[in-house]
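Close look at the chain arrangement
Okay, here's what each chain looks like letter by letter:
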Amino acid sequence: MVYQIYPRSFMDSDGDGVGDLGGVLQRLDHLADLGVDVLWLSPVYPSPQADNGYDISDYQGIDPLFGTLDQLDDLIVKLHARGMRLLMDLVVNHTSDEHPWFLESRASRTSPKRDWYWWRPPRTGLAGGEPGAEPTNWQSFFSGSTWEYDEPSGEYYLHLFDRRQPDLNWENPEVREAVYSMMRWWLDRGVDGFRMDVINMISKDVAADGHLHDGPPIPGTSLGDGSASYLCGPRIHEFLQEMHREVFAGRDAALLTVGEMPGVTVEEARLFTDPTRGEVDMVFQFEHVALDQGSSKWDVRPLRMRDLKASFGRWQAGLADVGWNSLYWDNHDQPRAVSRFGDDSPRYRRDSATCLATLLHLHRGTPYVYQGEELGMANFPFAGLDDFSDIESLNHHVQAVSAGEDAAHVLAALRRMSRDNARTPVQWDASPSAGFTTGTPWMPVNPDHVEWNADAQRNDPTSVLAHHRRLIALRHENAVVALGDFHLLLPEHDQVYAFTRSLAGETLVVVCNLSRTAQSLPDLLPQAVDAELVLGNLPVDDAAVLRPWEARVLRLR
Ligand code: TEU
């Protein structure tokens, strides 16, 4: 399994309130105890931190905020000594607007690096900066238009995310070679692979004359949806195959790559992860984290369990013979799973966190655990707008309120969906700063840390942490968990999520009650009633009754 560290919120070693590499080095026992195989480190490179490091101004260094290159080297050595591997975050769809490449590109229209980014003149007939003069109507992920006007040169540059994150032009072979050479430099240092940020956005659908196409209008705005022009664009497979040849070919076959791919379909994922094509090992897909959303992530809807099953079920089936799944509930962009998919009331928080974990870890694929998920960390009780820090949340608030949305309604959506929910400090102990820092934490510690923390759980066999340890060990020790075929049961049931995993004559039945209502097992899965209990999240008094949020892994006799 892969454990994700968001370094700014993991552990602070120098008291400045921001987590750092020294902090990661102090907590290696926690990772080893859990059974982590691979550590994915979110960006630690020099960055103005407009998007907490996803805006990189130097790909080959460490931001002093996080430490030094020596510490990174030390981390590689210490992880390897404990049998763990390190994945770095590769953010190459865009750079920071303070990256020297962009500064040079911006300097003049004739700069040798002008073409390293997407520069376009204002729309014909309109003056630069005038509303509607943007080269396309695309809406950015983080703010209004994807185009920022550059007064001195009279042209616009493209940014799919914030204006401080200009998109690199992958059409230019020099850009690609610069990225590949940087990747080789990290591999030569000993890192074991990359998690590739929005990697399915690097190929844009551009006409031979350089024209980019408008997207369908987005109701209620003057903007359009440009995603057809940049999600899995025309050259995406070519670029990833080239990267594979230029960077990974001939190196250790154990190197690992995972491509983050918003909007990727199962059919595309089969191509991306087919080992014979030489692209990436697995992708992060977004289908299951969009099931509780309407027109946007801020339009929160109730999740229907049968939709979740249908979605996971299709991905399991779609990548059964070719390719490989990554399995996640949480990461630094998602609200906390126990609050979102589980039940974070005091009565059911522990049970639902362990139930969700069982469900995820028993699927076929590589499980990812995001820091704090193994402790059952929950969403933060945000009081007001001042408590938010994330660029996406703040930009959204400004835009939505200026577009006339009710401020209280916008705030309610932020509370549930903001990425800040995932970014509060990891709760190590019950002390005032949760053992995260000796200083003032950059984000407030969740007040529930007095009860919910690693110290309280480490030696408690019933804890969320202990349950994760058991799930991870189960996969390590049982080929059927790692490799077995997946078969969905009870697809129509709205509370019980059940499936089998089978390999070489052995069959496990996994049954999870994702509700507060007790369920009768004989009515649902008679074959499971007298099966052998391999692992459960609650003590079983009555084999016939699945209690609220109970999960069982059973072996058919
Ligand atoms: O995220 C890409 C992405 O599309 C998102 O999930 C997005 O951040 C947002 O949550 C959509 O509502 C990646 C990184 O994981 C994210 O932290 C970065 O902000 C983003 O790319 C830009 O680099």
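Residues numbered from 1 in each chain as written. Predicted model: local features only at pLDDT ≥ 70, side-chain atom pairs only at ≥ 80, totals over all residues. Heavy atoms only, no water.

Looking at the site of the ligand
The immediate surroundings of the ligand are formed by 18 residues, with Asp51, Asp197, Asp333, Glu392 and Arg419 found nearest. One of the side-chain N or O atoms of Glu392 is found 2.4 Å from an oxygen atom in the ligand. Among the residues forming the shell around the ligand, the class breakdown is 6 nonpolar, 3 polar and 9 charged. (Near = heavy atom within 4 Å. Polar contact = N/O pair within 3.5 Å; in protein donor to acceptor, adjacent residues only side chain to side chain. Nonpolar A, V, L, I, M, F, W, Y, C, P; charged D, E, K, R; others polar.)

Quick notes on helix α5 (residues 173-189)
With 17 residues, α5 extends 25 Å from end C-alpha to end C-alpha; this agrees with the ideal 24 Å at 1.5 Å per step. Among the residues making up α5, those that are buried are Val175, Arg176, Ala178, Val179, Tyr180, Met182, Met183, Trp186 and Leu187. As for α5, its buried residues are in contact with α3 (69-81), β3 (85-90), α4 (100-107), β7 (193-196) and α7 (236-248). The N-capping residue of α5, defined by a side-chain oxygen 2.8 Å from the backbone nitrogen of Glu174, is Asn172. (Helix = DSSP H or I, 4+ residues; strand = E, 2+ residues; numbered from the N terminus. Expected span 1.5 Å × (residues − 1). Buried < 20%, exposed > 50% of the residue type's maximum accessible area, 1.4 Å probe, protein only. Contact = heavy atoms within 4.5 Å.)

Topic: the pattern of salt bridges
Enumeration over the complete set of coordinates arrives at 42 salt bridges. Residue Glu238 pairs with Arg235 through a salt bridge whose shortest N-O separation is 2.8 Å. Using a relative accessible area of 38% as the deciding quantity, one classes Glu238 as partly exposed. On the accessibility criterion, Arg235 (23% relative accessible area) is partly exposed. One salt bridge in this structure joins Arg419 and Asp390, with 2.8 Å as the shortest N-O distance. Of this pair, Arg419 sits in the loop between α13 (407-417) and α14 (454-458) while Asp390 sits in the loop between β11 (366-370) and α12 (391-402), and the two are 29 residues apart along the sequence. For Arg419, a relative accessible area of 6% puts it in the buried group. When salt bridges that share partners are traced, they join Asp51, Lys297, Asp333, Asp390, Glu392, Arg419 and Arg423 into one network. (Salt bridge = Lys/Arg side-chain N within 4 Å of Asp/Glu carboxyl O.)

What about empty space enclosed by the protein?
According to the stated counting rule, one finds 5 cavities of 30 Å³ or more in the structure shown. Each pocket or cavity is described by its volume, and for the largest cavity that value is around 100 Å³. For the largest cavity, the lining is made up of 14 residues, of which Asp330, Ala337, Val338, Ala353 and Glu373 are closest to its centre. When contributions to the lining of the largest cavity are tallied by element, the ones reaching two or more residues are α10 (337-340) and α11 (349-361). Among the elements that take part in the lining of the largest cavity, α11 stands out by supplying 5 residues, more than any other. (1 Å grid on protein atoms, 1.4 Å probe; cavity = no way out; pocket = protein on both sides within 12 Å on 5 of 7 lines; lining within 4 Å. Points joined across faces, edges and corners; volume = space filled by probe spheres on them.)

Observations regarding the packing of aromatic side chains
Inspection of the entire model under this criterion finds 29 aromatic pairs. With a centroid separation of 5.7 Å and 70° between ring planes, the pair formed by Tyr45 and Trp186 is classed as edge-to-face. In this pair, Tyr45 sits in the loop between β2 (38-41) and α3 while Trp186 sits in helix α5, placing the two residues 141 residues apart along the sequence. The exposure class assigned to Tyr45 is buried, which follows from its relative accessible area of 3%. Centroid distance Trp119 to Tyr157: 5.5 Å. Interplanar angle 65°. Geometry classified as edge-to-face. With Trp119 in strand β4 (residues 119-120) and Tyr157 in strand β6 (residues 155-158), this residue pair connects regions lying 38 residues apart in the sequence. With respect to class, Trp119 is no different from Tyr157; both count as buried. An aromatic cluster of three or more residues is present, and its members are Trp138, Phe141, Phe142, Trp147, Phe161 and Tyr230. (Phe/Tyr/Trp six-rings, centres within 6.5 Å; stacked < 30°, edge-to-face > 60°.)

Any functional reading would require information beyond the geometric quantities listed.
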